[in-house]
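# Working through the structure, step by step
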Amino acid sequence: MAVKLAFIGFGGVGQALLRILLDKEAQLRDEEGMETKVVAVSDVMKGAVYHPDGLDGRQLLELVSSGKKLDEYEGQGVTYGLDSMDSIRNTNADTIVEVTFTDVKTGQPAADHCRAAFELGKNVVTTNKGPVAVAYRELQELADKNGAFWGFEGTVMSGTPALRLPQETLRGNTISRISGILNGTTNYMLTEMEKGLSYEEALEQAQANGYAEADPTSDVEGYDARYKAVILSNVVLGVPLAAGDVTCTGITGIKKEDLDRAKAAGKRLRLVASIERTASGVKASVEPVELEEDNPLAAVPGAVNAILYECDLSGPIFLSGAGAGLAETGFSLLIDLIHAERMKQKVKQ
């Protein structure tokens, strides 16, 4: 039976996932035994459309790529105009793809979307950091209570499996410390400053390349990495942490001379998120750190992200990959959909 999807939000990431599902339809069916059917899409700006028997994914993509509204979708028996909550509660979708624009500080509206889905026993896959950082324990308990799956692999390092690796492959280890370069924008800027650019020039170049937003505050002040540190503590270490518990210093005060001085001393200056177990709990920080050149994080180039897990049995495990990008983030949602389907098959067996 096909997985029936409702897209709540249909921006670049949601569209990227739909393209992947269309392009890899045969491969997913043959290798994973998974078929998907998009039954609903609801987007504040683009409109909404629903059909219980499924929608034409290529027509959906063509509409939005040409700047048209979803209410121009052509088909028999189609319902238009359902808002996000109606699309969750009053459609036959069994899995919600939650990719709305969400305030990371409050987790809204994504947190309420997750809550509404879980109350009905519907699965959720999302790339929104807010719900996981702000309400992880509450939402996970609600999902578990109602037999729903919650996937959020893309919240830390996009399509690079920074959460699933420790949760599955590193099981049995005690992870004493996690450190990472979790923001590609700042790592790109610091790399370019090492080459000779000023802070202002590096920021301008990052914006021109699409790595930094017009308002880069969340990246350069370390806030983006801070929320990812919270997620890592809550999910991987199992220790509740709030954003306010993470000391945070960004890179706005860094000058080219600071990078030159570190390099002359055989070190590299990088913005590092660190989460460490202590006798009194977990200590977490995001701050510029001078790394020894033999530290694997020191060699991470440009907009790449990386994470280092310090484990008691396996020793240090290092993971590096893209931390952003539409295709990569769309892939993170696919990872979660596949995992949810595999779990469902195990239950049936």
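Structure: above.
What you see is a predicted model, and the numbers here were worked out from it, not measured in a lab.

## Describing the sheet that holds strand 3 (residues 47–50)
Strand order in this open sheet of seven strands is 4-3-2-1-5-6-7, and the pairing throughout is mixed. Whereas interior strands pair on both sides, the edge strands pair on one side only; in this sheet they are strand 4 (79–80) and strand 7 (150–151). Strand direction decides the pairing type here: strand 1 (residues 3–8) and strand 5 (residues 95–98), joined by four bridges, are parallel. Looking at strand 5, one finds that Leu-5 is bridged to Thr-95.

## Overview of the pairing of strand 13 (residues 315–322)
Examined bridge by bridge, strand 12 (residues 304–311) and strand 13 share eight bridges and lie antiparallel to one another. In the strand pairing of strand 13, Tyr-309 is matched with Ile-317. Count of turn residues in the strand 12/strand 13 antiparallel hairpin: three residues.

## Quick word on helix 1 (residues 12–23)
In a regular helix each residue adds 1.5 Å, so twelve residues correspond to 16 Å; helix 1 covers 16 Å between its end C-alpha atoms and thus fits that length. A large share of helix 1 lies buried, amounting to nine of its twelve residues. Turning to helix 1, the residues buried within the fold contact strand 1, helix 2 (25–32), strand 2 (36–43), helix 3 (57–65), strand 5 and helix 14 (326–348).

## Considering the packing of helix 1 against helix 3
Contact pair helix 1 / helix 3: the axes reach a minimum separation of 10 Å and the direction vectors enclose 145°. Judged by the sense of rotation from one axis to the other, the crossing of helix 1 with helix 3 is left-handed. Contact residues: Gln-15, Leu-18, Arg-19, Leu-22 and Asp-23 in helix 1; Gly-57, Arg-58, Leu-60, Leu-61 and Val-64 in helix 3. Each residue belonging to the contact of helix 1 with helix 3 can be placed in one class, and the counts come to five nonpolar, two polar and three charged.

## Some points on helix 9 (residues 184–194)
Counting buried positions along helix 9 yields eleven of eleven residues, so the element is predominantly enclosed. Those residues of helix 9 that sit buried are Gly-184, Thr-185, Thr-186, Asn-187, Tyr-188, Met-189, Leu-190, Thr-191, Glu-192, Met-193 and Glu-194. Along its buried surface, helix 9 packs onto strand 8 (175–181), helix 10 (199–208), helix 11 (217–220), helix 13 (256–264), strand 10 (267–278) and strand 12. For helix 9, the capping residue at the N-terminal end is Asn-183, with a side-chain oxygen 3.3 Å from the backbone nitrogen of Thr-185.

## A look at the side chain of Asn-305
When you line up the elements, Asn-305 lands in strand 12. Residue Asn-305 is classed as buried on the basis of its relative accessible area, which comes to 1%. Apart from residues lying up to four places away in sequence, Asn-305 is in contact with Val-156, Met-157, Ile-181, Leu-182, Asn-183, Gly-184, Lys-228, Val-300, Leu-319, Ser-320, Gly-321 and Gly-323.

## Brief notes about the pattern of salt bridges
In the structure shown here, the tally under the stated rule is 19 salt bridges. The salt bridge involving Asp-94 is made with Lys-4; its shortest N-O contact spans 3.5 Å. A residue pair is termed long-range when its members are at least 10 positions apart, and Asp-94 in the loop between helix 4 (84–89) and strand 5 and Lys-4 in strand 1 qualify at 90 residues. Its relative accessible area of 28% is what places Asp-94 among the partly exposed residues. Its relative accessible area of 17% is what places Lys-4 among the buried residues. Here Glu-32 ties to Arg-342 by a salt bridge, and the two come within 2.9 Å at their closest N and O atoms. Within this pair, whereas Glu-32 is found in helix 2, its partner Arg-342 is found in helix 14, the two being separated by 310 residues in sequence. Judged by its relative accessible area of 23%, Glu-32 is partly exposed. Put simply, Glu-153, Arg-164, Glu-168 and Asp-336 are held in one network by salt bridges that share partners.

About the cut-offs
- Every chain begins its residue count from 1, and numbering advances along the sequence as written.
- It should be noted that, the model being predicted, local features are given only for residues of pLDDT at least 70 and side-chain atom pairs only at 80 or more, the latter also being counted only at that level, while totals for whole chains, interfaces and linings use all residues.
- With hydrogens and water stripped out, all remaining heavy atoms of the structure feed into the side-chain values.
- Only strands joined by at least two bridges in the DSSP assignment are considered to pair.
- Secondary structure elements follow DSSP: runs of H or I of four or more residues count as helices, runs of E of two or more count as strands, with numbering from the N terminus.
- What a helix should span is 1.5 Å times the count of its residues minus one.
- When accessible area is computed with a 1.4 Å probe and restricted to protein chains, residues below 20% of their type maximum are described as buried, those above 50% as exposed, and intermediate ones as partly exposed.
- Only heavy atoms matter for contacts: two residues are in contact if any of them lie within 4.5 Å across the pair.
- Every axis in this analysis is a line fitted to C-alpha atoms, fitted for helices over the stretch in contact. Angles between the N-to-C directions lie between 0 and 180 degrees.
- Handedness of a crossing follows from how the near helix is turned relative to the far one, being left-handed for an anticlockwise turn of less than a right angle and right-handed for a clockwise one.
- Each residue is assigned to one class: nonpolar for Ala, Val, Leu, Ile, Met, Phe, Trp, Tyr, Cys and Pro, charged for Asp, Glu, Lys and Arg, and polar for all the others, Gly among them.
- Between N or O atoms, a polar contact is any pair within 3.5 Å; within protein, one atom must be a potential hydrogen donor and the other a potential acceptor, and residues adjacent in sequence are included only when both atoms are from side chains.
- Whenever Lys or Arg places a side-chain nitrogen within 4 Å of a carboxyl oxygen from Asp or Glu, that contact is recorded as a salt bridge.

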